[in-house]
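# Overview (structure and organization)
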Amino acid sequence: MPVGESRHPSQSDAADEAQWVWAEIKAEARRDAESEPALASYLYSTILSHSSLDRSLSFHLGNKLCSSTLLSTLLYDLFLNAFSGDPDLRSAAVADLRAARSRDPACVSFSHCLLNYKGFLACQAHRVSHKLWTQSRKPLALALQSRISDVFAIDIHPGAKLGKGILFDHATGVVVGETAVIGDNVSMLHHVTLGGTGKAGGDRHPKIGDGVLIGAGATILGNVKIGAGAKIGAGSVVLIEVPPRATAVGNPARVVEGKEASKLDECPGMSMDHTSFISEWSDYTI
């Protein structure tokens, strides 16, 4: 399978996968409630009292994002209608849960991700805001974006398109512009910016290919393409296209020459290897 490529399961496969993950989440919540009674009521209200992942996630997001004027009941209905009516949203949520569980060694369980990972929660809320955006319900989409930014410190324009299996690791300070596109199995750390340049309108934000890894504090500006399976080093400033399976580092970023740059057989977005290119970077000295 090529770098970053994901298999698109049938609806029945996706439903089975969602049911399996939901069963795991409930089993984890029961164990946590037994071992930590102080969390029993919280775990019951957020997970154990619900009949499906859709309902649990909708309830949790509604309570996280509500305000004195944007009621949790309204948000619950909004999220539940979106998730229950769109199989793609449900399968994306499951893929994102699996991404966090498999790629982040600090993620101890699916339930931990569902309840506590603001990158995951912001991503799912964004998926709903994007659906609203495509339905021309832009005022509501923008209001939801504003709450996501306030609560999670992650600012993703509702027009941005996200694939499946996305990991926003730590996630604080992530900014994604209106016309940005993020492919499947992409991982990025905190303070990553996918931004535009100047004040020109139109298609002006980066296009991130499948399986890309973007390090902490990296900035990618303009309508540039980051090829599938590429790796962007922490703190880099990328202003031009990065070829598939290449490694770009620095400010302004440049492609690292050598074996690592031309033969990335791994999928960086899934391996989370941020530093192996250093051995091939001949002028790296301390």
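Residues numbered from 1 in each chain as written. Predicted model: local features only at pLDDT ≥ 70, side-chain atom pairs only at ≥ 80, totals over all residues. Heavy atoms only, no water.

In the annotation of an unreviewed UniProt entry, the entry for the protein reads serine O-acetyltransferase, and the organism field reads Lactuca virosa. Quoted verbatim from the Sequence similarities (unreviewed entry) field of UniProt, the annotation for the protein is "Belongs to the transferase hexapeptide repeat family." Taken directly from UniProt, the Pathway (unreviewed entry) text for the protein runs: "Amino-acid biosynthesis; L-cysteine biosynthesis; L-cysteine from L-serine: step 1/2." (UniProt positions renumbered as here; feature names shortened; annotations may be inferred.)

### What about the overall build of the protein?
The helix and strand inventory of the protein stands at 10 helices and 15 strands. Counting across all 286 residues of the protein, residues that qualify as buried make up 49%. Long-range contacts, defined as pairs at least 24 residues apart, comprise 47% of the intrachain contacts of the protein with a sequence gap of at least 6. Carbon and sulfur atoms form 53% of the exposed surface of the protein, whose accessible area is close to 13000 Å². (Helix = DSSP H or I, 4+ residues; strand = E, 2+ residues; numbered from the N terminus. Buried < 20%, exposed > 50% of the residue type's maximum accessible area, 1.4 Å probe, protein only. Contact = heavy atoms within 4.5 Å. Areas by Shrake-Rupley, 256 points an atom, 1.4 Å probe, with all protein chains shown as cover.)

### Details of the packing of helix H5 (residues 87–103) against helix H7 (residues 118–134)
One way to put it is that H5 packs onto H7 with a least axis distance of 10 Å and a crossing angle of 160°. Overall, the two elements H5 and H7 adopt an arrangement that is roughly antiparallel. Crossing angle aside, the handedness with which H5 passes H7 is right-handed. On H7, the residues touching Leu89, Ala92, Ala93, Asp96 and Leu97 of H5 are Phe120, Cys123, Gln124, Arg127 and Lys131. (Axes fitted to C-alpha atoms, helices over the stretch in contact; angles between N-to-C directions. Parallel < 35°, antiparallel > 145°, perpendicular 65-115°, else oblique. Left-handed = near helix turned anticlockwise from the far one by under 90°.)

### Quick notes on the sheet that holds strand S5 (residues 181–182)
Taken in spatial order, the 4 strands make up an open sheet running S2-S5-S8-S11, and their pairing is parallel. Each edge of the sheet is formed by a strand with only one pairing partner; in this case those strands are strand S2 (161–162) and strand S11 (225–226). Bridge count for S5 against strand S8 (residues 207–208) is 2 bridges, and the pairing is parallel. For Val181, the partnering residue across the bridge sits in S8 and is Lys207. (Pairing = 2+ DSSP bridges.)

### Considering the sheet that holds strand S7 (residues 193–195)
Pairing within the open sheet is parallel, and its 5 strands lie in the order S1-S4-S7-S10-S13. Every interior strand has two partners, whereas the edge strands, strand S1 (155–156) and strand S13 (237–238), have only one. The pairing of S7 with strand S10 (residues 219–221) spans 3 bridges and is parallel. In the sheet register, Thr193 faces S10, and the bridge partner there is Thr219.

### Here's the deal with the environment of Phe168
In this fold, Phe168 is placed in strand S3 (residues 167–168). Between the C-alpha atoms of Phe168 and Tyr117, which are 51 residues apart in sequence, the distance is 9.0 Å. If sequence neighbours within four positions are ignored, Phe168 has contacts with Gly119, Cys123, Ile156, Leu162, Val174 and Met188.

### Brief notes about the packing of helix H4 (residues 72–85) against H5
Relative placement of two packed helices is described by the angle separating their axes and the distance separating the axes. Where H4 meets H5, the axes come as close as 5 Å, and the angle between the chain directions of the two elements is 95°. As the angle between them shows, H4 and H5 are arranged roughly perpendicular. Here H4 contributes Ala82, Phe83, Ser84 and Gly85 to the contact with H5, which in turn contributes Pro87, Leu89 and Arg90. Split by residue class, the contact of H4 with H5 holds 4 nonpolar, 2 polar and 1 charged. (Nonpolar A, V, L, I, M, F, W, Y, C, P; charged D, E, K, R; others polar.)

### Here's the deal with the pattern of salt bridges
Using the criterion set out here, one finds 7 salt bridges in the structure. The partner of Arg127 in a salt bridge is Asp96, with the nearest N and O atoms 2.8 Å apart. Here the residue Arg127 occupies a position in helix H7, and Asp96 occupies one in helix H5, the gap between them amounting to 31 residues. Each member of the pair, Arg127 as well as Asp96, is classed as buried. Close ionic contact of Glu178 with Arg204 constitutes a salt bridge, the shortest N to O distance being 2.9 Å. Taken together, the residues span a long stretch of sequence, with Glu178 in the loop between strand S4 (175–176) and S5 and Arg204 in the loop between S7 and S8 at a distance of 26 residues. Classification of Arg204 by relative accessible area gives partly exposed; the value is 23%. (Salt bridge = Lys/Arg side-chain N within 4 Å of Asp/Glu carboxyl O.)

### Observations regarding helix H3 (residues 53–65)
If you check H3, its first and last C-alpha atoms are 18 Å apart, about what 13 residues at 1.5 Å a residue would give, namely 18 Å. Inspection of H3 places Leu53, Asp54, Ser56, Leu57, Ser58, His60, Leu61, Gly62 and Leu65 among the buried residues, and these make up the whole buried set. (Expected span 1.5 Å × (residues − 1).)

### Considerations on H7
Compared with an ideal rise of 1.5 Å per residue, which puts 17 residues at 24 Å, H7 spans 24 Å between its outermost C-alpha atoms and is within 8% of the ideal. Looking one or two residues beyond H7, the residue adopting positive phi is Ser136, at roughly 65°.

### Concerning the pairing of strand S14 (residues 247–250)
Of the pairings in the sheet, the one linking strand S12 (residues 231–232) to S14 comprises 2 bridges and is parallel in character. Within S14, the residue paired with Lys231 across the bridge is Thr247. Two elements, S14 and strand S15 (residues 253–255), share 3 bridges in a ladder whose sense is antiparallel. What sits directly across from Ala248, in S15, is Val255. Here S14 folds back onto S15, and the loop between the two strands holds 2 residues.

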